[in-house]
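Commentary on secondary and tertiary structure
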Amino acid sequence: MSKNLLIVESPAKAKTIEKFLGKDFKVKSSYGHIRDLEKGNNAIDIENDFEPKYIISPEKKKTVKDLKDSAKMSDVVWLATDEDREGEAISWHLCEVLGLDPAKTKRIVFREITKPAILRAINEPRTVDIDVVNAQQARRILDRLVGFELSETLWRKVKGKLSAGRVQSVAVRLVAEKEREIMAFTPEAFFKIQAIFNVKDESGKVYEFKADLPAKIDSKPAARKWIDACVGATFKVDNIDVKPATRKPAPPFTTSTLQQEASRKLGFNVKRTMSAAQKLYESGYISYMRTDSTSLSETAQTGILEQITKEFGKEYAMPRQYASKSANAQEAHEAIRPSYPENASISDSDRDKVRLYDLIWKRAVASQMADAKLERTQVSISVSAHKNDFFVAKGEVIKFDGFLKLYIENLDDEPEEEGATILPPMKEGQALDLNTMTGTERYSKPPARYTEAGLVKKLEELGIGRPSTYAPTITKIMEEDRGYVIRGNRPGEERAYAVITLAKDKVAEEQKTEMTGAISNRLVPTDMGLLVTDFLNEHFSVIMDYNFTADIEKKFDIIADGKLVWNKMIRDFYTPFHKTVEETRENAERARGRRDLGVEKESGHTILTQMTRFGPVVQIGTREEVGEEEKPRFANLRPGQSIETITLEEALELFKLPRTLAPYKDQEVLIGVGRFGPYVKFGEQFVSLPKGEDPLELSQERAIEIIEAKLHEDRPVATYKGKEITKGKGRFGPFLKYDGIFVNIPKRYDPETISDNDMFELIAAKVEKEANRYIQQWEKEKISLENGRWGPFIRKGKKAINIPKINGERLTSEEAKLLTLEEVLEIIEGKMPDSVVKKVGTAQ
């Protein structure tokens with residue numbers, strides 16, 4: 001066995017590093033974290049100074065055994081996890097699990113996976129930085145406490161299966177507040193006037209150029225009056241202003257700016273960007289990709305400048321260092337850059353890696369290139385009919401391209417302006433011929449919704465989160481189970497606008513149309529996202545405060561510097577927070593987001609919209625209005641509709657369902673909406689509509705396509721013990737159906753190609769599990785004692801209830817068999833007050 005064992009997080013990283021070290025080193029991977037906080041509410045001992053309880057993840061036990069065996073057979077163990085706090089924490093956990101002394105075990109760090117960097121790190125080892133570990137531990141513990149207690153509060157007061165968190169809930173708030181700004185926005189019409197002029201040069205050649213009236217005109221009559229006055233007017237060059245200008249390159253990428261630019265230039269979402277960047281780093285192509293620093297090492301800068309000189313010439317090279325905008329650029333001490341500046345491109349089968357590397361290389365190299373030298377010209381044109389108004393034409397000429405030869409940075413939501421062009425030669429006092437003049441009706445625009453990268457930029461500006469948390473935060477708030485934020489794509493609506501044209505001394509008006517309100521890949525909060533944000537803002541205003549969240553991040557930084565004790569920081573936060581949680585659970589009303597829209601004429605019942613456990617709905621009749629004999633009527637909202645903005649007329653449209661289509665295969669076809677959403681009913685079979693399908697717009701042809709797809713999906717794929725097996729896909733993923741039992745298909749299998757033998761094994765295991773599921777059953781009372789993952793539990797209807805421990809120990813299945821119905825009811829009464837059905841007797 002090798003004398004030295006070096007442990008990293010990923011197998012790809014291990015493979016790259018092993019190439020650089022000799023036969024005395026064996027490089028192995030921990031495959032990320034090897035242990036984490038225990039699941040459930042007992043992971044943190046609050047009374048014992050927030051002592052965490054860590055467990056080795058079940059899927060990591062084999063990895064841990066392998067690492068332990070390798071460590072025993074090695075003279076020296078080296079820890080080479082990433083340089084950020086998470087990496088430091090992984091190294092500490094490895095010490096704890098492998099029985100290594102953190103104060104003596106060799107810990108190495110590097111910002112790029114190149115041979116010189118690895119060998120330099122081997123020659124300069126340090127030990128695990130416990131202060132940095134404590135900062136990461138504090139973050140993990142605080143986020144677990146906040147997440148568990150807030151989430152459980154949401155389950156009680158809003159809806160089950162929701163989650164909340166210290167950073168994710170603030171991120172949702174940003175998206176929600178932006179949406180509310182847009183909802184409150186009222187567009188205002190105005191007119192922009194533009195003219196196209198003809199000008200002759202000395203040879204008599206005629207050129208056209210555009211000029212704009214800077215001022216907006218408020219109304220159509222005023223715009224018409226302004227243009228009418230220009231009939232027969234004269235125009236001449238009043239002033240020509242020529243100024244030199246420079247453009248400077250953007251700094252090399254940080255995590256945030258890489259995510260933003262990859263979104264704008266490549267169309268990558270945040271997760272896709274970080275996945276490709278991780279692979280580039282592990283392959284040795286780029287420096288570490290989680291950083292908030294814009295600086296370059298002296299070695300990297302020298303290499304880049306040499307490449308610029310070689311590729312473009314000495315005049316294009318300009319060394320510069322950038323000051324980081326981040327208040328605490330600490331997660332890694334260098335910007336994202338190519339490991340080898342001489343490699344302008346890479347050869348790889350992964351196209352995402354190739355494209356992202358190209359972006360990183362160009363940005364890093366351009367950051368060390370000379371400024372672009374420009375000449376900007378502005379021409380003012382007088383109008384004889386309007387002594388105080390001037391048209392303005394702008395032009396720009398590049399005198400020296402500098403960094404523009406290689407790279408131009410994009411910006412989010414750039415103003416829609418005519419690009420500066422090269423203007424024809426003109427002289428002050430020169431008369432101009434008017435070709436056409438147009439007054440076009442425009443509308444003020446609402447604030448733009450965030451893109452994923454734009455939200456990352458805002459989080460960074462506010463000091464919320466760190467480079468390692470941006471991508472997970474965005475992913476979390478967009479998880480389908482949470483339902484807080486979606487990536488919105490809308491075609492927009494048609495809008496009319498007026499155009500007034502002056503040509504050949506005649507003024508004409510016409511009306512044109514344009515699409516407005518279209519969005520593509522913008523973040524839109526769902527009704528649930530808005531409702532949860534309102535609830536948390538009302539009851540947990542401190543947690544939702546941007547400054548407070550940023551201040552917590554600063555305290556983590558102070559812990560990392562060894563100037564603050566982590567459990568004291570947690571206690572100072574947790575004591576008032578927990579008190580607020582208890583008060584909210586005790587006193588807060590259930591949040592429904594109810595809006596009353598009007599009254600139905602026929603019944604006199606209230607028409608309202610609100611959130612239910614099945615999602616946002618429109619409802620006709622409250623429980624009180626309809627009484628015990630009837631039920632309120634419900635309708636699901638259409639895609640793009642919200643309980644906050646839907647009108648009475650739009651709500652009534654939703655009750656046009658169910659509607660009947662033409663029969664198919666001699667069976668009735670009906671479109672309706674039920675408790676689980678819109679569906680097609682074919683004979684006696686209900687088929688859920690795919691997400692995004694509008695039941696009011698569904699055609700006969702599309703309904704048949706959906707029916708046929710379901711019939712194809714439900715066809716038997718095999719038989720087991722004489723009974724048919726079918727496949728399907730539900731809300732929890734792909735499944736097999738056999739003899740009334742649903743069997744989930746694990747991720748390790750491809751549902752499309754799973755073999756018969758694999759299906760038989762899964763079914764046999766499920767049948768055996770079901771046979772051992774029940775310890776006792778009381779069918780009349782709908783109560784059962786069942787075996788669960790963590791031991792026996794009680795099920796009452798659909799509710800699962802834990803059985804209290806006795807002397808700190810869980811009941812075994814044999815002990816649970818001895819429980820009587822009376823004892824089970826007492827446990828339920830303790831866990832679920834007022835829940836015991838009054839009809840149930842006390843005899844077993």
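Here's a quick rundown of the structure. Just so we're clear, the structure is a prediction, and the values are computed from it rather than from any experiment.

This part is about helix α10 (residues 298–312). One full turn of an α-helix is made of 3.6 residues, so residues set three or four places apart face in the same direction. Over its 15 residues, α10 extends 21 Å from the first C-alpha to the last, a length consistent with the 21 Å expected when each residue adds 1.5 Å. Within α10, the full set of buried residues consists of Ala300, Gln301, Ile304, Leu305, Gln307, Ile308 and Phe312. Projected down its long axis, α10 shows its buried positions confined to an angular sector of 160°, all on one face. The outward face of α10, more than 90 degrees from its buried face, is lined by the exposed residues Glu298, Thr299, Glu306 and Lys310. In the core, the buried residues of α10 are packed alongside α11 (351–366).

Next up on the list: the environment of Glu428. Relative to the helices and strands, Glu428 resides in the loop between β13 (386–400) and β14 (431–443). Residues Glu428 and Asn239 lie 189 residues apart in sequence; the distance between their C-alpha atoms is 5.6 Å. Within the structure, Glu428 has its side chain in polar contact with the backbone nitrogen of Ile240 (distance 3.2 Å).

On to the packing of helix α2 (residues 61–72) against helix α3 (residues 85–98), then. For the pair α2 and α3, interaxial distance at closest approach is 10 Å and the crossing angle is 75°. Relative to α3, the element α2 lies roughly perpendicular. Packed against α2, whose contacting residues are Val64, Leu67 and Lys68, the element α3 presents Leu94, Val97 and Leu98 at the interface.

Attention now goes to empty space enclosed by the protein. Throughout the structure, instances matching the rule amount to two cavities of 30 Å³ or more. One number sums up the size of the largest cavity: a volume of about 50 Å³. Lining the largest cavity, in full, are Gln168, Ser169, Val172, Tyr484, Gly529, Val532, Thr533, Leu536 and Met544. For the lining of the largest cavity, the secondary-structure elements that each account for two or more residues are α6 (168–184) and α14 (527–539).

Turning our attention to unusual backbone geometry. The backbone of Tyr31 sits at a positive phi, close to 55°, despite the residue not being glycine. The backbone phi angle of Lys782 is positive, close to 60°, even though this residue is not glycine. Note on placement: Lys782 falls in the loop between β31 (774–778) and β32 (783–788).

Grouped together as the largest cluster of nonpolar side chains are 130 residues, with contacts concentrated most on Leu6, Phe110 and Leu356. By residue number, the principal contributor to this core is helix α5 (residues 130–157), which donates 10 residues. The residues touching Phe110, leaving out its near neighbours within four places in the chain, are Lys13, Ile17, Ala80, Glu83, Ala117, Ile118, Ala121 and Tyr281. Judged by nonpolar contacts, the second largest core, of 28 residues, contains Ala233, Phe235, Val383 and Ile500.

A word on the packing of helix α8 (residues 255–266) against helix α13 (residues 467–477). Where α8 contacts α13, the axes come no closer than 8 Å and their chain directions differ by 40°. One element, α8, and the other, α13, form an angle in the oblique class. Of α13, the residues touching α8 (which contributes Thr255, Ser256 and Gln259) are Pro467, Tyr470 and Ala471. In terms of residue class, the contact of α8 with α13 is built from three nonpolar, three polar and no charged.

We now examine the sheet that holds strand β33 (residues 791–796). Strand order in the open sheet formed by four strands is β31-β32-β33-β34, and the pairing between neighbours is antiparallel. Because the sheet does not close on itself, it has two edges, and the strands there are β31 and β34 (799–802). Neighbour to neighbour, the strand axes of the sheet diverge by 30° on average, direction disregarded. In terms of strand pairing, β32 meets β33 through six bridges, oriented antiparallel. By the bridge assignment, Leu785 is partnered in β33 with Ile794.

Calculation rules
- Residues numbered from 1 in each chain as written.
- Predicted model: local features only at pLDDT ≥ 70, side-chain atom pairs only at ≥ 80, totals over all residues.
- Heavy atoms only, no water.
- Helix = DSSP H or I, 4+ residues; strand = E, 2+ residues; numbered from the N terminus.
- Expected span 1.5 Å × (residues − 1).
- Buried < 20%, exposed > 50% of the residue type's maximum accessible area, 1.4 Å probe, protein only.
- Arc of directions from axis to C-beta.
- Contact = heavy atoms within 4.5 Å.
- Polar contact = N/O pair within 3.5 Å; in protein donor to acceptor, adjacent residues only side chain to side chain.
- Axes fitted to C-alpha atoms, helices over the stretch in contact; angles between N-to-C directions.
- Parallel < 35°, antiparallel > 145°, perpendicular 65-115°, else oblique.
- 1 Å grid on protein atoms, 1.4 Å probe; cavity = no way out; pocket = protein on both sides within 12 Å on 5 of 7 lines; lining within 4 Å.
- Points joined across faces, edges and corners; volume = space filled by probe spheres on them.
- Core = buried A, V, L, I, M, F, W, Y, C linked by side-chain atoms within 4.5 Å.
- Nonpolar A, V, L, I, M, F, W, Y, C, P; charged D, E, K, R; others polar.
- Pairing = 2+ DSSP bridges.

Don't take any of this as a statement about function, it's just geometry.
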